[in-house]
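Single-letter residue listing:
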Amino acid sequence: QVQLAESGGGLVQPGGSLRLSCAAAESIQRFAIMGWYRQAPGKQREVVATEISGGSSNYAESVKGRFTISRDSTKNTVFLQMNRLKPEDTAVYYCYAGTYGRAPLWGRGTQVTVSS
């Protein structure tokens, strides 16, 4: 069973928007932290946005003011709204879920390509 399943990636023009979804196979309230990472070709995976359960959100400097992480606990889904996309946002985006006492979960990723 897939624990975390991302969707919503695709090809978009610079300045456009995409909304990524991460559907969890269990209650996301069990996780202390959920977030989004990305990996561009030839680069290391980097954090994009994280959300502490019942607490604050944090963003990479490169996406502040453009991306927003949110959740719908009734649907066990975490979202990443991406606005004013830039070519440098092109990457595979991965969903992450972590909590104490168990190994972190990763999704398989969804490709986002920003190009004219």
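Predicted model, so just to flag it, every value in this text is computed and none were measured. (Residues numbered from 1 in each chain as written. Predicted model: local features only at pLDDT ≥ 70, side-chain atom pairs only at ≥ 80, totals over all residues. Heavy atoms only, no water.)

A. Quick look at the sheet that holds strand S8 (residues 77–82). Read across the open sheet, the four strands follow the order S1-S3-S8-S7; overall the sheet is antiparallel. Looking at the sheet topology across the chains shown, the edges are occupied by strand S1 (4–7) and strand S7 (67–72). Between one strand and the next, the sheet's axes are offset by a mean angle of 15°, whatever the strand orientation. Relative to strand S3 (residues 18–24), S1 is paired through four bridges, and the arrangement is antiparallel. (Pairing = 2+ DSSP bridges. Helix = DSSP H or I, 4+ residues; strand = E, 2+ residues; numbered from the N terminus. Axes fitted to C-alpha atoms, helices over the stretch in contact; angles between N-to-C directions.)

B. Layout of the packing of aromatic side chains. All told, the structure shown has three aromatic pairs when counted by the stated rule. Of the aromatic side chains, those joined through ring pairs into one cluster are Tyr-37, Tyr-96 and Trp-106. Here Arg-45 stacks its cationic end above the ring of Trp-106, 4.7 Å away from the centre of that ring. (Phe/Tyr/Trp six-rings, centres within 6.5 Å; stacked < 30°, edge-to-face > 60°. Lys NZ or Arg CZ within 6 Å of the ring centre and 35° of its normal.)

C. Structural view of the pattern of salt bridges. For the coordinates displayed, the defined rule picks out seven salt bridges. Note that Arg-102 is salt-bridged to Glu-26, the shortest N-O span being 3.1 Å. One end of the pair, Arg-102, is in the loop between strand S9 (91–98) and strand S10 (105–106); the other, Glu-26, is in the loop between S3 and strand S4 (33–39), with 76 residues separating them in the sequence. Arg-102 sits in the partly exposed class, given a relative accessible area of 36%. Overall, Glu-26 belongs to the buried group, its relative accessible area being 13%. The structure contains a network of salt bridges with shared partners spanning Arg-38, Glu-46, Arg-66 and Asp-89. (Salt bridge = Lys/Arg side-chain N within 4 Å of Asp/Glu carboxyl O. Buried < 20%, exposed > 50% of the residue type's maximum accessible area, 1.4 Å probe, protein only.)

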